[in-house]
Amino acid sequence: MTLKKYFPFVSIIMPAKNAAKYIEEAIESFLNQSYKNSELIIINDGSTDETEKIVCLFKNEFPERIKIIKNQISKGIPISRNKGLNIAKGELIGHLDSDDRLHKNAIKKLVKAFSKDKAIVLAHSGYIKINGDGEKISKHFVKNDGINDIIKGWQHFGLYKKDIALNIGGFNEKLITCSDGDLFVKIAKGNKIKPVNKKLYFYRWHESNIGHKRKYCPECDKKEYCQYYSEWANFNKFKDNH
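Note that the coordinates shown come from a computational prediction; the quantities given were computed from them, not determined experimentally. (Residues numbered from 1 in each chain as written. Predicted model: local features only at pLDDT ≥ 70, side-chain atom pairs only at ≥ 80, totals over all residues. Heavy atoms only, no water.)

Quick word on the pattern of salt bridges
- Counting across every chain of the model gives 8 salt bridges.
- Of the charged contacts in the structure, one is a salt bridge between lysine 70 and glutamate 52, with a shortest N-O distance of 3.1 Å. Here glutamate 52 lies in helix α2 (residues 51-61) and lysine 70 lies in strand β3 (residues 66-71), a separation of 18 residues in the sequence.
- The shortest N-O distance in the salt bridge between lysine 186 and aspartate 182 comes to 3.1 Å. Residue lysine 186 and its partner aspartate 182 are both found in helix α7 (residues 179-188); the two are separated by 4 residues, about one turn of the helix.
- The class of aspartate 182 is buried, set by a relative accessible area of 0%. (Salt bridge = Lys/Arg side-chain N within 4 Å of Asp/Glu carboxyl O. Helix = DSSP H or I, 4+ residues; strand = E, 2+ residues; numbered from the N terminus. Buried < 20%, exposed > 50% of the residue type's maximum accessible area, 1.4 Å probe, protein only.)

Structure, rendered in structure tokens:
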């Protein structure tokens, strides 16, 4: 199977709640992708700012490439992502947060990884951490370390097979945060994953970022429901004993 023969449709899911400050930049990074066989599904999660106005402008200009789902009241990230997953047309699914950006070749590079090995169910890349102004804070590479790359902290860009995600139940709606890491750990267990050692995602760290608000894993009151926490705890226990 070669890249020319393997040209899958890709769906990118983007929950958005009061995301007006950065969402235009995020959407443009999708539209500027070198790989065009794709759609962006934006779930407006009860926004009260200008988010709806902004996404509707893009939808009107690119009706074939952008879908919008509107939650009248906020349902949270896992429920919103499941709504996007269920209507996605793509064979492969990826995520783009409404305050982050994709490298212009992000989708293309990961599709290429799938094209080389049909056994792969998840491919993921490194990322660059940026501040609220878009200035670089740090660079993060991935290693060929299997599931441990996910456990050590997920801010990568990844593509995964939709059918695998649906077969394991999609996103865990009992969680508030970390539903992506939880899903990726479940996908990775017992399946073949592929790290792509390119920095293909710009992860924005700012005051209203959910990462500033979420509790550290051992303090999270949802940890009993979280496969990510279970694997994280086992990984750190093993590391401390060796």
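Regarding the pairing of strand β6 (residues 120-130)
- Among the 11 residues that make up β6, 10 are buried, leaving the element largely enclosed by the rest of the structure.
- Across 10 bridges, β6 lies against strand β9 (residues 192-204) in parallel orientation. Counterpart to histidine 124 in the pairing with β9 is proline 195.
- In terms of strand pairing, β6 meets strand β8 (residues 158-161) through 3 bridges, oriented antiparallel. Each residue of the ladder has a partner; that of alanine 123, found in β8, is leucine 159.
- Pairing of β6 with strand β7 (residues 136-140) involves 4 bridges; the strand directions are antiparallel. Residue pairing for β7: isoleucine 128 is matched across the bridge by lysine 139.
- Here β6 hands over to β7 after 5 residues, with glycine 134 in that stretch at a positive phi of 85 degrees. (Pairing = 2+ DSSP bridges.)

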